[in-house]
Amino acid sequence: MRLRPAGDLLRPYTLDNVCWRCSRLLLSYAKPSTRRGFAHTAPPVAPTTWSRLKAGYFLSNNNKLLPRAQQNGTSPKYFAASTTSTTSTTSGEAGTNSAATASAPPINHANQDLPHRRRQAARRNAAAGMGNPSSTTISNTSASTTAVADNPLPPDASSALTTASTKHPVNSLRRQLSLLLSLAKPRLTVLIVLTAMAPYALYPVPAFLSPSIGLDTPSLSPLTLTFLTTGTALCCASANALNMLYERAWDAKMTRTRNRPLVRGLLSERKALIFAILTASAGVGGLYFGVNPTVAFLGAANIALYAGVYTPMKRVSWLNTWVGAIVGGIPPLMGWAAAAGESATGDGSIRELLLTSDAIGGWLLATLLFAWQFPHFMALSWPIREEYKAVGHKMLCWVNPARNARVALRYSLLFFPLSVALCAVGVTEWTFAVTSVPVNFWLAREAVRFWQHEGSKGSARGLFWASVWHLPVILVLALVQKKGMWGRVWSSLFGEPDLEDEDDEDWISDDVGEAEAAGDGA
C-alpha cells in the first residue's frame, strides 16, 4: 500500500512518497563516502625531513634573510646566530623574504662575517682612507678582524694532530700517540732540533779526529749526533707539554689554540704531566750519558726557562719575549758544546767548552737565533694581538705596537754584521758574507715595511713568511760554505796534499833537525 500525503502540495514531484525517501536515507548511511577522483590517484606524500642549515648558508644569503630581520628591529648578528637552530621554513616566508630583498638596503655587518667580504671591505676602507684621511675611524674590534683577514696564520700543528686523532677509536694506540705528539708541538720541536744540528756540523773539526765513510776528512761521531738530536727533541717536548698544562684555560679562549688536546678534553692532565716528566727525564739523561754533562745542563735549563719563567711571565710583562728569545738561543750552544766535547782534553765543563776563544763561533750562532726570534714572533703575534689582550697575555704587539715594529726592524738588521762575524772567526768562508746578503736584505726589507705600516697592509704577513724562510736558508748557506770543507773534500778525492799536513811535516822535520844538531854538539 502506498501512502501519499494529503493534498497536491508535492504533486509536481513524481518521487515524493515516504517509503522512497526513507529508503534513500538508509542507502546514504550504508554507502561509503565518495571523494574526488584525483585524491585516489595522487601518490602518498613522504614526510619532509629538514636538514640542519649552517650559519654560513644564512650569511651567504643575507640579502634574502637578514633585511627582514632588520625591518623587524632584530640585530643582523643576532639573527644570523639564531637561524642556525631553525629547522624549517615555509614557502610563504620565502616569498616574503624575496619580496623584501628588493627594497631592503645591504647590511655590512653580515658581510664582514665572511672572510672574503672582510678582505673586500678592508680594501674599500683603505682606499677611502687614502682619499679622505679624516674619515678613517674604526674600532679595535674591526681593526683586529681586518688584521686577521689580511694576515692569516698557518694552522697550528698541535690542533691539526688533535683533529686527526679524533678519526680513530677512543682507546686505539694510534689516537693516543697522535695526542701525545700534539703535546710536543712537532713543528717547533723539529725547528729547535735543526738549530742544534747546524752548529754541531759547523764546528771546526780538528784534523786528528777519525775519518768516516772512507773519505780522508775529519768528522764527528754519528752516535753523538743521534743522542744530541734525540735528547734535544725530548727536552723540547717536555717544555711544550708543561706550557700547555699551564695555559690550558687561556688556550681555550684563542682561536689558534682552542683545538689543542687538553682544551678539548681528549687527554687528561695527569697523562700530560706524566708525558712531560718522562720526556724530560729521558732527554736530560740521554744528553748526559750520550753527549756530555754540559749539554745535559743546557737542556735542563731550557726546560726550566721555557716552562718555569717564560710561560708564567707572559701574564706579567711584555719582556717575556726576550726570555723566549734566550730559550731559542740555547739549542745552538748545545750543538756547539756537543761537538767541542769530542775534542776536549779536560773534564768537559762549561768553562772548557763554551767560555774560551774557540767558542766564539757558537755564541755567534746563538746570537743569530736570538735575533731571529724577534722579527718572527712580532709578525706572528700581530694578527692575534686582540686575542692576546683579551686573555691577558702581556705582548708588545698590543701594549706598544710602534715599539713592536721597531724591535722587529732592529733585530732584522743585526743579521748583516753577524754574517760577517761568522766569516771573521773562521766558521764559514768569506763567500758566506756575500751569498747571505740577498736573504738578509729580503728580511730587512719586510721589516722596514712592517715598521712603516705597523703591521697593517699585509706587512705582518710578509715579515712572517720572510722569517720562516730566512732561518733555513741562512743555515744551509753556512753549512755549504763551512770553513775549509771543500778544500778537504777536494784533497780527499784527488789526492792533493793538504796545507795543514805540510805544515805539520815541516814542524816535525824542524824538530828532528834541531834534535840532531843538539846531538852533534854534544
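Colleague: Sorry if this is basic, but what is going on with the side chain of Thr-321 here?
Modeller: As for its placement among the helices and strands, Thr-321 is situated in helix 18 (residues 320-341). The residues touching Thr-321, leaving out its near neighbours within four places in the chain, are Phe-374, Phe-377, Met-378 and Met-395.

Colleague: Before we go on, may I ask you to explain the packing of aromatic side chains in this structure?
Modeller: Each pair of aromatic rings is reported with the distance of its centres and the angle of its planes. All told, the structure shown has 11 aromatic pairs when counted by the stated rule. Their ring planes at 15 degrees and their centres at 4.1 Å tell us that Phe-374 and Tyr-411 sit as a pair that is stacked. Separated by 37 residues along the polypeptide, Phe-374 in helix 20 (residues 360-381) and Tyr-411 in helix 23 (residues 401-413) bring together distant segments of the chain. On the accessibility criterion, Phe-374 (0% relative accessible area) is buried. Aromatic ring contacts, followed pair by pair, group Trp-318, Trp-322, Phe-370, Phe-374 and Tyr-411 into a single cluster. Against the face of Trp-382 rests Arg-385, its NZ or CZ located 3.9 Å from the ring centre.

Colleague: Mind showing me how you'd approach helix 27 (residues 459-480) here?
Modeller: Each α-helix turn comprises 3.6 residues. Residues three or four places apart therefore point the same way. The terminal C-alpha atoms of helix 27 lie 31 Å apart, and with 22 residues this matches the ideal 32 Å at 1.5 Å per residue to within 8%. Where helix 27 bends most, at His-470, the angle is about 25 degrees, and the proline Pro-472 comes one to four residues later. Buried within helix 27 are the following residues: Ser-459, Ala-460, Gly-462, Leu-463, Phe-464, Ala-466, Ser-467, His-470, Leu-471, Ile-474, Leu-475 and Ala-478.

Colleague: When you look at the nonpolar core in this model, what are you seeing that I'm missing?
Modeller: Ranked by internal contacts, the top residues of the largest apolar core, which has 75 residues, are Leu-287, Val-295, Leu-368 and Phe-450. With 12 residues, helix 20 is the largest single contributor of residues to this core. When near neighbours in sequence (up to four residues on either side) are disregarded, Val-295 contacts Leu-228, Leu-287, Met-334, Ala-337 and Ala-338. Formed by 11 residues, the second largest nonpolar core is a distinct cluster that contains Leu-179, Met-244, Leu-267 and Phe-275.

Rules and cut-offs
- Residues numbered from 1 in each chain as written.
- Predicted model: local features only at pLDDT ≥ 70, side-chain atom pairs only at ≥ 80, totals over all residues.
- Heavy atoms only, no water.
- Helix = DSSP H or I, 4+ residues; strand = E, 2+ residues; numbered from the N terminus.
- Contact = heavy atoms within 4.5 Å.
- Phe/Tyr/Trp six-rings, centres within 6.5 Å; stacked < 30°, edge-to-face > 60°.
- Buried < 20%, exposed > 50% of the residue type's maximum accessible area, 1.4 Å probe, protein only.
- Lys NZ or Arg CZ within 6 Å of the ring centre and 35° of its normal.
- Expected span 1.5 Å × (residues − 1).
- Bend = angle between axes of the 7 residues up to and from the residue.
- Core = buried A, V, L, I, M, F, W, Y, C linked by side-chain atoms within 4.5 Å.

Distances and angles like these do not, on their own, reveal function.
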